[in-house]
Amino acid sequence: MLERTRREWGGHEDLWVFGYGSLIWRPEFDHIEHRAARVHGWHRALKMWSRINRGTPECPGLVFALLSGGSCQGVVFRVPRADGHAVLERLWAREMMSGVYDPRWLRCDTPLGPVSALAFTLSRSSPNFTRALSDEEYRRVFAQSCGRFGTTLDYAQQTFDGLKRHQIHDKALARLLKLAG
């Protein structure tokens, strides 16, 4: 998939990456510009099981996924063309370690016009897609799940705070965080 993504990008222009979760507050790559962006046809949802980073196989945590339907406000990052291949390598090591995501080029509407950016989406047929979760299940995960990078609750809170720094309010995430009490 990395080679396909490289071919689709082409390497002739700067690389744009769409952040909707931890990439917003911890991109881990240099960029020369970032902009607020909205993607139509996809939405941010805390509906992907994490059995390493935010949980364990015995007590899975949750991370954000970009699921089909609705719209999502996030941030696009512009990477200089010369650094694009190296950044793709780093993104693959970070986001595609288990091959769960479906990388896609999505139209991102920004205040300065649309850009095509790489986004990591999740298929609803993925075994890591949670399907519907009850409020009680979210409470349990927030209270118990912890992986090598910390708890699901910390991750959700850091994402909420990162979104706020970019003047993005996610009502669904605010509601979930209230469940943690």
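To keep things clear, this report deals only with the structure shown in the data block. (Residues numbered from 1 in each chain as written. Predicted model: local features only at pLDDT ≥ 70, side-chain atom pairs only at ≥ 80, totals over all residues. Heavy atoms only, no water.)

### Some thoughts on the pairing of strand β4 (residues 102–108)
Bridging between β4 and strand β5 (residues 115–121) involves seven bridges; their strand directions are antiparallel. Bridge pairing links Cys 108 to Val 115 in β5. Hairpin connection of β4 to β5: six residues between the antiparallel strands, including Gly 113 at a positive phi of 110°. (Pairing = 2+ DSSP bridges. Helix = DSSP H or I, 4+ residues; strand = E, 2+ residues; numbered from the N terminus.)

### Some words on the nonpolar core
Core analysis: the largest hydrophobic core is formed by 59 residues, its most contacted members being Phe 18 and Leu 46. Considering each element in turn, this core owes the most residues, 11 residues, to strand β3 (residues 61–79). If we skip the residues at most four places from it in the chain, Leu 46 touches Leu 62, Val 63, Phe 64, Leu 133, Tyr 138, Phe 142, Tyr 155, Ala 156 and Leu 176. (Core = buried A, V, L, I, M, F, W, Y, C linked by side-chain atoms within 4.5 Å. Buried < 20%, exposed > 50% of the residue type's maximum accessible area, 1.4 Å probe, protein only. Contact = heavy atoms within 4.5 Å.)

### Here's the deal with the environment of Leu 23
Note on placement: Leu 23 falls in helix α2 (residues 22–25). In the structure, Leu 23 is positioned 51 residues away from Gly 74 in sequence and 9.5 Å away in space, judged by C-alpha atoms. Look past the residues within four positions of Leu 23 in its chain and what remains in contact with it is Val 17, Phe 18, Phe 29, Phe 77, Leu 91, Arg 94 and Glu 95.

### A word on the pattern of salt bridges
Taken as a whole and judged by the stated rule, the model has 14 salt bridges. The closest approach of N and O atoms between Glu 3 and Arg 6, which form a salt bridge, is 2.9 Å. Placement of both Glu 3 and Arg 6 in helix α1 (residues 2–9) is noted, with a separation of three residues, approximately one turn of the helix. Between Arg 78 and Glu 33 there is a salt bridge, and its shortest N-O distance comes to 2.8 Å. Remark: Glu 33 occurs in strand β2 (residues 33–50) and Arg 78 occurs in strand β3; sequence separation between them is 45 residues. (Salt bridge = Lys/Arg side-chain N within 4 Å of Asp/Glu carboxyl O.)

### Remarks on the environment of Leu 67
By the element assignment, Leu 67 lies in strand β3. Among the residues examined, Leu 67 registers a relative accessible area of 1% and is labelled buried. Considering only alpha carbons, one finds Leu 67 and Thr 110, 43 residues apart in sequence, at a separation of 20 Å. Residues within four places of Leu 67 in sequence aside, it is in contact with Gly 41, Trp 42, His 43, Ala 45, Lys 47, Leu 122, Arg 124 and Phe 129.

### So, the packing of helix α5 (residues 152–165) against helix α6 (residues 171–179)
Contact pair α5 / α6: the axes reach a minimum separation of 10 Å and the direction vectors enclose 140°. Taken together, the axes of α5 and α6 lie oblique to each other. Here α5 and α6 pass one another in a crossing that is left-handed. Of α6, the residues touching α5 (which contributes Leu 153, Ala 156, Gln 157, Thr 159, Phe 160 and Leu 163) are Leu 173, Ala 174 and Leu 177. Here the contact of α5 with α6 is built from residues that sort into seven nonpolar, two polar and no charged. (Axes fitted to C-alpha atoms, helices over the stretch in contact; angles between N-to-C directions. Parallel < 35°, antiparallel > 145°, perpendicular 65-115°, else oblique. Left-handed = near helix turned anticlockwise from the far one by under 90°. Nonpolar A, V, L, I, M, F, W, Y, C, P; charged D, E, K, R; others polar.)

### Quick notes on helix α3 (residues 84–95)
The end-to-end C-alpha separation of α3 is 16 Å, in line with the 16 Å expected for 12 residues at 1.5 Å each. Within the span of α3, buried status applies to Gly 84, Val 87, Leu 88, Leu 91, Trp 92, Arg 94 and Glu 95. The buried residues of α3 all sit within an arc of 165° when viewed along its axis, so they share a single face. (Expected span 1.5 Å × (residues − 1). Arc of directions from axis to C-beta.)

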